[in-house]
Amino acid sequence: MIVMINCAFGVGKTTISNELLKVIENSILYDPEEVGYLLRNVLTEDIKRLEAETGDFQDLQLWRELTVKVASLIVSKYNVNLIVPMTIRKPEYFNYIFNGFNSTDEHTYHFCLAASKDTIYERLRERGEEEGNWCFQQTDKCLKAYNEYNFGEYIDTENVSINTVVDNIGEKLNLP
């Protein structure tokens, strides 16, 4: 099984993903940001500027390909369930990755966590993010994309406990 947990920075994907590790047997956390960091460190500035002018490694085609390929290799080599926290807002990137994961494991699920802009900003501040940094800059873009496009199953995190969100996901996954 592959479980994608998607949302804007600060909504709670890391927290929820870590809690899901406790309830999904034989699972590991696979964070595609690590693939992005690898590419950021390996590729030359010329290559990065050519493909990802924005500085967002998600704009690199190789990031999307490697995200899927590494997940596939982990699943086939170690026979584990993956929990994949990520902030992905471009529908074409989402579709590429979701379809790639689904070809690796037909039991691929996607949950998009939701919260208001005020709540997101409050959570970002609580975790020590500086006002106006990358995370804050992405909030409006993410909220707009999640409202305009279908990112699958949406789960409201506003005024609900972490356990309630995890239980909700567990029910949708038919966990024992």
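All figures in this text were calculated on a predicted structure; none of them were measured in a lab.

1. Quick word on the pattern of salt bridges
Across all of its chains, the model carries nine salt bridges by this definition. Notably, a salt bridge pairs Arg-125 with Glu-131, separated by 2.9 Å at the nearest N-O pair. On the accessibility criterion, Arg-125 (42% relative accessible area) is partly exposed. The closest approach of N and O atoms between Lys-172 and Glu-153, which form a salt bridge, is 3.0 Å. Residue Lys-172 is located in helix H8 (residues 162–172), and its partner Glu-153 is located in strand S5 (residues 153–156); the two are separated by 19 residues in the primary sequence.

2. Focus on the sheet that holds strand S1 (residues 2–6)
Taking strand neighbours across the sheet as the criterion, the five strands line up as S2-S3-S1-S4-S5 in an open arrangement whose pairing is parallel. With partners counted over all chains shown, the strands left at the sheet margins are strand S2 (27–29) and S5, one partner each. Averaged over all adjacent pairs, the angle separating strand axes in this sheet is 25°, with direction ignored. In terms of strand pairing, S1 meets strand S3 (residues 81–86) through five bridges, oriented parallel. For Ile-2, the partnering residue across the bridge sits in S3 and is Leu-82.

3. Things to note about unusual backbone geometry
At Asn-26, a position not held by glycine, the phi torsion is positive, near 55°. Relative to the elements of secondary structure, Asn-26 occurs in the loop between helix H1 (13–23) and S2.

4. Some thoughts on the layout of surface pockets
Within this model, the largest pocket holds a volume of roughly 440 Å³. What lines the largest pocket is a set of 24 residues, among which Gly-10, Val-11, Gly-12, Lys-13 and Thr-15 lie closest to the centre. Here the lining of the largest pocket is composed, by residue class, of nine nonpolar, eight polar and seven charged. Looking at the second largest pocket, its volume works out to about 280 Å³. Phe-9, Asp-56, Phe-57, Gln-58 and Trp-134 are, among the 20 residues lining the second largest pocket, the residues nearest its centre. Partitioned by chemical class, the residues of the lining of the second largest pocket number 10 nonpolar, four polar and six charged.

5. Considering the packing of H1 against H8
Here H1 crosses H8 at 60°, and the two axes come no closer than 10 Å. What the angle tells us is that H1 and H8 run oblique. Crossing of H1 over H8 shows right-handed handedness. Each of Thr-15, Ile-16, Glu-19, Leu-20 and Val-23 in H1 lies in contact with H8, whose residues at this interface are Ile-162, Val-165, Val-166 and Ile-169. For the contact of H1 with H8, the per-class residue count stands at seven nonpolar, one polar and one charged.

Reading the values: the criteria
- Residues numbered from 1 in each chain as written.
- Predicted model: local features only at pLDDT ≥ 70, side-chain atom pairs only at ≥ 80, totals over all residues.
- Heavy atoms only, no water.
- Salt bridge = Lys/Arg side-chain N within 4 Å of Asp/Glu carboxyl O.
- Buried < 20%, exposed > 50% of the residue type's maximum accessible area, 1.4 Å probe, protein only.
- Helix = DSSP H or I, 4+ residues; strand = E, 2+ residues; numbered from the N terminus.
- Pairing = 2+ DSSP bridges.
- Axes fitted to C-alpha atoms, helices over the stretch in contact; angles between N-to-C directions.
- 1 Å grid on protein atoms, 1.4 Å probe; cavity = no way out; pocket = protein on both sides within 12 Å on 5 of 7 lines; lining within 4 Å.
- Points joined across faces, edges and corners; volume = space filled by probe spheres on them.
- Nonpolar A, V, L, I, M, F, W, Y, C, P; charged D, E, K, R; others polar.
- Parallel < 35°, antiparallel > 145°, perpendicular 65-115°, else oblique.
- Left-handed = near helix turned anticlockwise from the far one by under 90°.
- Contact = heavy atoms within 4.5 Å.

So, to be careful, I would describe these as geometric facts and stop short of saying anything about function.
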